[in-house]
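Here is what each chain is made of, one letter per residue.
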Amino acid sequence: METSCDETSAAVVDENGIRGLAIASQDAHAAFGGVVPEIAAREHIRSLDAMVRHAMREAEVDHADIAGVGVTAGPGLVGALLAGVNWAKAYAFARGLPLLGVHHMEGHLFGTALEHEGAQPPFIGLLVSGGHTLLLEARAWGRYRLLGQTRDDAAGEAFDKVARRLGLPYPGGPEIQRAAERSAAARGAAAGEAGAVADGGAGRFRLPRPMLSRRDLPGDAAYYDMSFSGLKTAVARIAEQLEEQGVLADAVDDLAADFQEAVVDVLAEKTRRAVEQTGCRRVVLGGGVARNSRLREGLAERLGSSGELYAPSPRLATDNAAMIAAAARFRLARGERSPWSLNAEAALAFPGLA
Ligand code: KG4
Ligand code: ZN
């Protein structure tokens, strides 16, 4: 079960992968311009039964076929998490099954592996979601070294906030991508049929690449750490000037494209550094921002022949229970169990960090 934010999801997995997966995305939040925790929790309680039934029907399994129960225990919205945790506890207790609380971001790593046989440790993991941005080295499943993380806003959070500032609806990530694509298409048209558009940036607004300096050295925390808050503020300042001149609406697509390019540039370069320094060729991308096609393209370009990129499909990049079930399966097989006192933790620490 996965209920950490605004997707209610249940899945059945076995050694061959996904047997059944149901995801209900809550769209009640769009009207409020962001996730409303109370609404999220109530919607989870309402839909979780149906999602479990649907996933089990798709998997063609019965309650007696279930061998263990995994659920997202954090990080996330505590009320939302509690809906899943309590459901999982009740089900596991009633059926006499082992229970395992899963870390949502570790789940995202397993999500990509569900679709790509090659996405196995050792690899560099780049996890980009609405709440987290993590760069890590996975030496084995369950054994990780944190290389860097954002010092302020998560990458997805920056997309959402910039979108809001530009007057685009929530969730902002896909809206920014669409605006950037409109910008690229307009530039393509302006350049004429022969003028292919090389990349996603409009090259119209100069935006900072926070924490990206040639002077950073591999031993510095800044070498891998990220920061997106300053970039968001830089976009807001430009938007304000454009608004005063009354030309913001015409510039939104180009500004979105240049913002997206700045985020992609930072993430791609930090990941390239990790590949270079660790000698680990495989890169596993995960989290909602992995849906961004320019990010996947930019990462592949930057890694070139020195890396192998594994990116999830849009369905598995989005919050889903299959990735949580896969992570739980791995830990349950190692004999791990969560106690019946398992609680939801809004700021659960990433497991297995060395
Ligand atoms: O992993 P996720 O579904 O939920 C969390 O665990 O947070 O990530 C959601 C984030 C949101 O910030 C959303 O705007 C972003 O992923 N996102 C995107 C795209 N699709 C979703 N960001 C950029 N480009 C996209 N196409
Ligand atoms: Zn997520």
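Digging into the pattern of salt bridges
- Counted under the stated rule, the structure contains 27 salt bridges.
- Between Asp-153 and Lys-161 there is a salt bridge, and its shortest N-O distance comes to 3.5 Å.
- You can call Asp-153 buried: its relative accessible area is 7%.
- Taking relative accessible area as the criterion, Lys-161 reaches 34% and is therefore assigned partly exposed.
- Of the charged contacts in the structure, one is a salt bridge between Arg-272 and Glu-276, with a shortest N-O distance of 3.0 Å. Taken as a pair, Arg-272 and Glu-276 lie in helix H7 (residues 248-278) at a separation of 4 residues, close to a single helical turn.
- Since its relative accessible area comes to 49%, Glu-276 is described here as partly exposed.

Brief notes about the coordination of the zinc ion (ligand 2)
- On the protein side, the zinc ion (ligand 2) has His-104 (NE2), His-108 (NE2) and Asp-319 (OD) as donor atoms, found 2.1 Å from it.
- Positions of the donor residues of the zinc ion (ligand 2), expressed as sequence spacing, correspond to H-x3-H-x210-D. Linking His-108 in helix H3 (residues 104-115) with Asp-319 in the loop between helix H9 (314-317) and helix H10 (321-333), this pair joins segments that are 211 residues apart in sequence.

Quick look at the nonpolar core
- Core analysis: the largest hydrophobic core is formed by 50 residues, its most contacted members being Leu-166, Ile-176, Phe-228, Phe-259 and Leu-267.
- Listing elements by their share of this core, those giving two or more residues are strand S5 (123-128), helix H4 (155-165), helix H5 (172-190), helix H6 (229-244), H7, strand S8 (282-286) and helix H8 (293-303).
- Top contributing element to this core by residue count: H7, with 14 residues.
- Beyond its immediate sequence surroundings of up to four residues, Phe-259 is in contact with Ala-158, Phe-159, Val-162, Ile-176, Leu-207, Leu-231 and Val-235.

Quick word on the layout of surface pockets
- Volume-wise, the largest pocket comes out at about 1,200 Å³.
- Around the largest pocket sit 42 residues that line it, and Asp-6, Gly-130, Asp-160, Tyr-170 and Pro-171 are the ones nearest its centre.
- Elements with a contribution of two residues or more to the lining of the largest pocket: H3, H4 and H5.
- For the lining of the largest pocket, the leading source of residues is H4, giving 6 residues.

Remarks on the pairing of strand S1 (residues 7-14)
- Taking burial as the measure, the 8 residues of S1 include 8 buried ones, the bulk of the element.
- Side chains of S1 alternate between two faces, with Glu-7, Ser-9, Ala-11 and Val-13 and Thr-8, Ala-10, Val-12 and Asp-14 buried alike.
- In the sheet, S1 pairs with strand S2 (residues 17-25) via 8 bridges, with the strands oriented antiparallel. Counterpart to Ala-10 in the pairing with S2 is Ala-22.

About the criteria used
- Residues numbered from 1 in each chain as written.
- Chains lettered and ligands numbered in written order.
- Predicted model: local features only at pLDDT ≥ 70, side-chain atom pairs only at ≥ 80, totals over all residues.
- Heavy atoms only, no water.
- Salt bridge = Lys/Arg side-chain N within 4 Å of Asp/Glu carboxyl O.
- Buried < 20%, exposed > 50% of the residue type's maximum accessible area, 1.4 Å probe, protein only.
- Helix = DSSP H or I, 4+ residues; strand = E, 2+ residues; numbered from the N terminus.
- Donors = N, O, S within 2.8 Å, 3.2 Å for Na, K, Ca; no water.
- Core = buried A, V, L, I, M, F, W, Y, C linked by side-chain atoms within 4.5 Å.
- Contact = heavy atoms within 4.5 Å.
- 1 Å grid on protein atoms, 1.4 Å probe; cavity = no way out; pocket = protein on both sides within 12 Å on 5 of 7 lines; lining within 4 Å.
- Points joined across faces, edges and corners; volume = space filled by probe spheres on them.
- Pairing = 2+ DSSP bridges.

Nothing here speaks to function; it is all geometry.
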